[in-house]
Amino acid sequence: MAGKTREIKGRIKAVANIRRITRTMQLIATARFQAAQKRVTAARPYTRKIAELVGELAAALSTDDADGVTHPLLRRPEPPVNRQLLLVISSNRGLCGGYNANILRTAAAFLRKHAQDQIDLEVVGKKGIAYFRFNRTPVAAVHTQFADKPAYNEVERLADRFIRDYTAGKYDVIRLVYMAFESMSRQRPRVLNLLPLENLAAQDHEQPHGSSLKPQASVQYDFSPDPTELLNELLPITVKTQLYQCFTDAALGEQIARMIAMKSATDAAGKMGKELTRKFNRARQAAITTELSEVISGAAALE
């Protein structure tokens, strides 16, 4: 019986140590979540306004609809090259619940659906890299430089390469899979068409922040310099800001998932500790009762 109480006591100590670790990780994730939320909130109006401005410029370049716009970032290559690029944004660390599982499940479903297409797969985050290597899925490029706080200059370099490859006619479409932030209680994996930008007008429900490049010609503007020159400057900025917004959304979703997962683990450890304490008390009481019974029996035998 004494051995059983020592075992339970050791388990209580181990659970208490785990609870302290998960509680600390929860507090760290909460602090990082607050910082990430500020970055997302600060970047969102700029991303939306850039998209609205580009929509007005596209309307100015068109006659009756957006089909008149001939900028290479607004249309697919002709003739088609039958090749596309898919960027999957996962995390570098685990312990964030189903965050990575949901993203990678969405990416795997997309790859199965387009199994007959030529797809260059690029992966952000160590968890995604390990997943695709385990499944023996060819990966064209990996990116581990993006941490909890994605730097705009790093995202800009990636966006510049995407723009160069797309305008050179290397891909028909560039897509990315990431965790879109909608609210504190709702984040869902999403497949976003990054290039060509014309697809955003037809898929407004898929945009991360409700922005649209759909031309709005209700107001007539006088542009200086020429709208074509403005588009040449603003369209690459639109791609960069949207890609950066997706990275910040993904970082925010990761911290929310980790915060929730660590809170659940802390609560579970607390409940387990209480249950083990009750078992320990019952085992100790049983041991005391047994010892008293043995003492009383021995005393009775001596009479």
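So, about the overall build of the protein. Assigned secondary structure in the protein consists of 6 helices and 5 strands. Its helices and strands taken in sequence order, the protein reads α-β-α-β-α-β-α-β-β-α-α from the N to the C terminus. In the protein, which comprises 303 residues, the share counted as buried stands at 42%. Taking contacts inside the protein between residues at least 6 apart in sequence as the whole, the part at least 24 apart equals 75%. About 16,600 Å² of surface is accessible on the protein, with carbon and sulfur atoms providing 53% of the total.

The subject of this paragraph is the nonpolar core. Leu87, Val88, Leu176, Leu243 and Phe247 are the most contacted members of the largest nonpolar core, which totals 51 residues. With 10 residues, the top contributor of residues to this core is helix α6 (residues 227-302). In this structure Phe247 touches Leu87, Ile89, Val124, Phe146, Pro150, Val155 and Leu158, once residues within four positions along its chain are discounted. If you look at the next biggest cluster of nonpolar residues, it comprises 8 residues, including Ala29, Ala36, Ile256 and Met259.

With that out of the way, let us pick up the packing of aromatic side chains. Evaluation of the coordinates by the stated rule reveals 3 aromatic pairs. On the numbers, 4.5 Å between centres and 35 degrees between planes, the contact of Phe146 with Phe247 is tilted. A residue pair is termed long-range when its members are at least 10 positions apart, and Phe146 in the loop between β3 (141-143) and α4 (152-167) and Phe247 in helix α6 qualify at 101 residues. Residue classification places Phe146 among the buried positions, given a relative accessible area of 6%.

On to a nonpolar patch on the surface. Together, Ile288, Leu292 and Ile296 line one region of the surface with nonpolar side chains, adding up to about 300 Å² of accessible area. Mapped onto the elements of the fold, Leu292 is located in helix α6. Residue Leu292 is classed as exposed on the basis of its relative accessible area, which comes to 52%.

This part is about the packing of helix α2 (residues 99-113) against helix α3 (residues 126-134). Relative to each other, α2 and α3 sit at 45 degrees, their axes nearing to 11 Å. Comparing the axis directions of α2 and α3 gives the class oblique. In this structure, α2 crosses over α3, and the sense of that crossing is right-handed. In contact with Asn100, Leu104, Ala107, Ala108 and Leu111 of α2, α3 contributes Lys127, Gly128, Tyr131 and Phe132. Tallied by class, the residues present in the contact of α2 with α3 amount to 6 nonpolar, 2 polar and 1 charged.

Of all 11 residues making up strand β4 (residues 173-183), 9 are buried, and the element is well covered by its neighbours. Where strand β1 (residues 83-89) and β4 come together, 5 bridges link them in parallel fashion. Bridge pairing in β4 links Leu86 to Arg175. From the end of β4 to the start of strand β5 (residues 186-195), which pair antiparallel, there are 2 residues.

Of all 7 residues in strand β2 (residues 118-124), 5 are buried, a share of seventy percent or more. In this fold, the crossover linking β1 to β2 by way of α2 has right-handed handedness. In terms of strand pairing, β2 meets β3 through 3 bridges, oriented parallel. Pairing of Val123 across the sheet is with Val142, part of β3. Crossover β2 to β3 through α3 is right-handed.

Glancing now at the pattern of salt bridges. Scanning the model with the defined rule gives 12 salt bridges in all. For the salt bridge of Arg190 with Glu182, the shortest nitrogen-to-oxygen distance reads 3.2 Å. A residue is classified by how much of its surface remains accessible, and Arg190, at 5% relative accessible area, is buried. With a closest N to O distance of 3.1 Å, Lys263 and Asp267 form a salt bridge. Residue Lys263 and its partner Asp267 are located together in helix α6, separated by 4 residues, close to a single helical turn. Exposure remark for Asp267: the relative accessible area of 36% places this residue in the partly exposed category. Taken together, the shared-partner salt bridges in this structure form one network comprising Glu182, Arg186, Arg188 and Arg190.

Between its terminal C-alpha atoms α2 stretches 22 Å, which fits the 21 Å expected from 15 residues at 1.5 Å a residue. If you check which residues of α2 are buried, you get Tyr99, Asn100, Ile103, Leu104, Ala107, Ala108, Phe110 and Leu111. Taken end-on, α2 shows its buried residues confined to a sector of 160 degrees, consistent with a single buried face. For α2, the exposed residues set more than 90 degrees away from the buried face come down to Arg105, Arg112 and Lys113.

Cut-offs and rules
- Residues numbered from 1 in each chain as written.
- Predicted model: local features only at pLDDT ≥ 70, side-chain atom pairs only at ≥ 80, totals over all residues.
- Heavy atoms only, no water.
- Helix = DSSP H or I, 4+ residues; strand = E, 2+ residues; numbered from the N terminus.
- Buried < 20%, exposed > 50% of the residue type's maximum accessible area, 1.4 Å probe, protein only.
- Contact = heavy atoms within 4.5 Å.
- Areas by Shrake-Rupley, 256 points an atom, 1.4 Å probe, with all protein chains shown as cover.
- Core = buried A, V, L, I, M, F, W, Y, C linked by side-chain atoms within 4.5 Å.
- Phe/Tyr/Trp six-rings, centres within 6.5 Å; stacked < 30°, edge-to-face > 60°.
- Patch = residues over 30% accessible without salt bridge, like charges linked within 9 Å, V, L, I, M, F, W, Y side chains within 5 Å.
- Salt bridge = Lys/Arg side-chain N within 4 Å of Asp/Glu carboxyl O.
- Axes fitted to C-alpha atoms, helices over the stretch in contact; angles between N-to-C directions.
- Parallel < 35°, antiparallel > 145°, perpendicular 65-115°, else oblique.
- Left-handed = near helix turned anticlockwise from the far one by under 90°.
- Nonpolar A, V, L, I, M, F, W, Y, C, P; charged D, E, K, R; others polar.
- Pairing = 2+ DSSP bridges.
- Right-handed = clockwise from strand over helix to strand, strands pointing away.
- Expected span 1.5 Å × (residues − 1).
- Arc of directions from axis to C-beta.

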